[in-house]
Amino acid sequence: MNVRFALCTTLVAGSLALLTAWQRPAAGTLTASPPQGVAADGNYSSTDPDGIYQKALEAALQHAQAAVAQGAGQQLADAMFNWSVFSVTGTRGGITGRHDITVTIHVAK
């Protein structure tokens, strides 16, 4: 049990160090263009200024869903895609008291 706790603590500390080192993209923007010839594949991200992970994730998924639904220039009502969380970053503290979170997902059709 102590080994698990130590491992989890180390992983959390490492994740927090990475979070502070990365710069965050603008709120709710597509962070990478889809690769040529593959509609909607790529990374999509969204930022929640209140630091709520679920809101940022849902917004990123909505961006991806809209891109997939557009397909190759046509609207698809029943679009489906596979996704995974690519990164989670955020900012906390400072004189302004920021505590935002950015979730980036990777989409592969």
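The structure displayed is predicted, hence computed values, not measured ones.

**Concerning the pairing of strand β3 (residues 98-108)**
So, step 1. Note that strand β1 (residues 42-48) and β3 share 7 bridges and pair antiparallel. The partner of N43 across the bridge, within β3, is H106.
So, step 2. Here strand β2 (residues 82-93) pairs with β3 via 11 bridges, running antiparallel. Looking at β3, one finds that T91 is bridged to D100.
So, step 3. From the end of β2 to the start of β3, which pair antiparallel, there are 4 residues, and G94 there has a positive phi angle of about 85°.

**Quick look at the confidence of the model for the protein chain**
So, step 1. A residue-level look at the protein chain finds 57% of positions with pLDDT of 70 or above and a mean pLDDT of 75.
So, step 2. Long-range and interchain partners of residues 21-26, a stretch whose pLDDT sits below 50, account for 14 contacts in this model, where long-range means more than four residues apart.
So, step 3. Taken together, the stretch residues 29-38 has pLDDT below 50 and engages in 14 contacts with residues farther than four places along the chain or on a different chain.

Reading the values: rules and limits
Residues numbered from 1 in each chain as written. Predicted model: local features only at pLDDT ≥ 70, side-chain atom pairs only at ≥ 80, totals over all residues. Heavy atoms only, no water. Pairing = 2+ DSSP bridges. Helix = DSSP H or I, 4+ residues; strand = E, 2+ residues; numbered from the N terminus. pLDDT = per-residue confidence, 0-100. Contact = heavy atoms within 4.5 Å.

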